[in-house]
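# Chains, contacts and geometry: an overview
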Amino acid sequence: MKKKLSLMFVALSALALLAGCEPLTVFNPKGPNAETLSNTIILSIITMAFILLVVYVLLAFMLTKYRASKASADYEPPHEEGSHLLEITWTVIPIIIVAFLAVVTVRTTSTVEAQPAGYDDKEPLVIYASSSNWKWHFSYPEEGVETVNYVNIPVDRPIEFKLYSFGPITSFWIPQLAGQKYAMSDMLTTIHLAADEVGSFMGRNSNFNGRGFAEMEFEAQTMTQEDFDQWVADVKAKEAPLTEEKFDELLEAEHVGRQSFSSTHLDFRPAPMEHGKHMNMDDMDHEDMSEEHSGHH
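Residues numbered from 1 in each chain as written. Predicted model: local features only at pLDDT ≥ 70, side-chain atom pairs only at ≥ 80, totals over all residues. Heavy atoms only, no water.

### Details of the overall build of the protein
What the protein contains, in helices and strands, is six helices and eleven strands. Going through the 297 residues of the protein one by one, you find that 35% of them count as buried. Within the protein, residue pairs in contact and separated by at least 24 positions form 67% of the contacts whose partners lie at least 6 positions apart. About 18900 Å² of surface is accessible on the protein, with carbon and sulfur atoms providing 62% of the total. (Helix = DSSP H or I, 4+ residues; strand = E, 2+ residues; numbered from the N terminus. Buried < 20%, exposed > 50% of the residue type's maximum accessible area, 1.4 Å probe, protein only. Contact = heavy atoms within 4.5 Å. Areas by Shrake-Rupley, 256 points an atom, 1.4 Å probe, with all protein chains shown as cover.)

### Side note on a nonpolar patch on the surface
Taken together, Leu24, Phe27, Ile41, Ile42, Ile45, Ile46 and Met48 make up a surface patch of nonpolar side chains, about 620 Å² in accessible area. Tracing the chain through its elements places Ile41 in helix α2 (residues 32–65). By relative accessible area, Ile41 is classed as partly exposed at 32%. (Patch = residues over 30% accessible without salt bridge, like charges linked within 9 Å, V, L, I, M, F, W, Y side chains within 5 Å. Salt bridge = Lys/Arg side-chain N within 4 Å of Asp/Glu carboxyl O.)

### Here's the deal with the side chain of Thr108
With respect to the secondary-structure elements, Thr108 resides in helix α3 (residues 84–112). Residue classification places Thr108 among the buried residues on the basis of a relative accessible area of 8%. Among the polar contacts listed, one links the side chain of Thr108 to the side chain of Thr40, at a separation of 2.6 Å. Not counting residues within four places of it along the chain, the set of residues in contact with Thr108 comprises Thr36, Leu37 and Thr40. (Polar contact = N/O pair within 3.5 Å; in protein donor to acceptor, adjacent residues only side chain to side chain.)

### Description of the sheet that holds strand β6 (residues 170–173)
The five strands lie next to each other as β4-β10-β9-β6-β7, forming an open sheet whose pairing is mixed. Since the sheet does not close on itself, it has two edges, and those belong to β4 (150–154) and β7 (181–183), each with one partner. If you compare each strand with its neighbour and ignore which way they point, the axes differ by 30° on average. Judged from the two bridges that link them, β6 and strand β9 (residues 199–205) form a sheet pairing that is antiparallel. By the bridge assignment, Phe172 is partnered in β9 with Asn205. Against the sheet, helix α4 (residues 225–238) touches β4 and β10 (217–223), its axis set at about 135° to β4. (Pairing = 2+ DSSP bridges. Axes fitted to C-alpha atoms, helices over the stretch in contact; angles between N-to-C directions.)

### Comments concerning the pattern of salt bridges
For the structure on display, the rule yields eight salt bridges. Taking the shortest distance from any N to any O, the salt bridge between Arg211 and Glu254 comes out at 2.4 Å. Highlighted residues: Arg211 in the loop between β9 and β10 and Glu254 in the loop between α5 (244–252) and β11 (259–261), separated in sequence by 43 residues. Classification of Glu254 by relative accessible area gives partly exposed; the value is 32%.

### Remarks on the nonpolar core
Ranked by size, the top nonpolar core spans 32 residues in total, and within it Ile127, Phe138, Tyr140, Val151, Phe161, Phe172 and Trp231 carry the most contacts. Contributing elements (two or more residues each) for this core: β1 (125–132), β2 (135–140), β4, β5 (159–165), β8 (189–193), β10 and α4. Once you skip the residues sitting within four places of it in the chain, Tyr140 turns out to touch Leu125, Val126, Ile127, Val145, Thr147, Val151, Asn152, Phe228, Trp231 and Thr264. (Core = buried A, V, L, I, M, F, W, Y, C linked by side-chain atoms within 4.5 Å.)

Take a look at the structure:
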């Protein structure tokens, strides 16, 4: 009796605790790609809940229909052949369910891997997001500014994050704006998103990579294009440029606050190329010379 009361107390406590939790942010999307992912997750949950309901109904039916009877101890039930129809049914139904979820997942993945729908006529803003130890660096090559542990983006414009890492593999994730994708040290990965509303959204590393993993968060602030342009102008006017020495210090530091710079580390520490190799300035000069030489022929 005491054991049952203890289990009931634990269950009620868990329910009370969960009732006070805020809604999961993944179910509160603020962008088209995030909404696509949220809808897919909800559809998967509904599908699995329906399967559980059917299983529990069948379980209750079987327990009721074939419960123990008051037959004599020497009673031997008649032999019955298996049903081919039932065997085909419970084999085909799981195949249909898996195929359905597979098609939905593939279509969703294809959708979110491309530029958000409705933004085909707009030029995306490219941001290089790199991780080091337990911090994030955001480089804006077109604007010529860089931030640490926060990123500002305009609303109603496609955003293209180029991801890579200066250390262990991390996973870039802003739940209300997009899904997650790995950032690795020797190649670039790309994640597309767009924001529909002005606001502040938390992003994080969703891949465990060491003792500072829990603190590897950043703020993604969405704003109007006018406010974004003004912010860029303020950073370029008020903040110091990022030097190679300062960047090396940032890479070595474990935890730092928010910082802004009027230049990017891409000028002296280029991002890895798409095919998986780093290209330094000497390589670029050599490649340009080779192309020029080939042009003469």
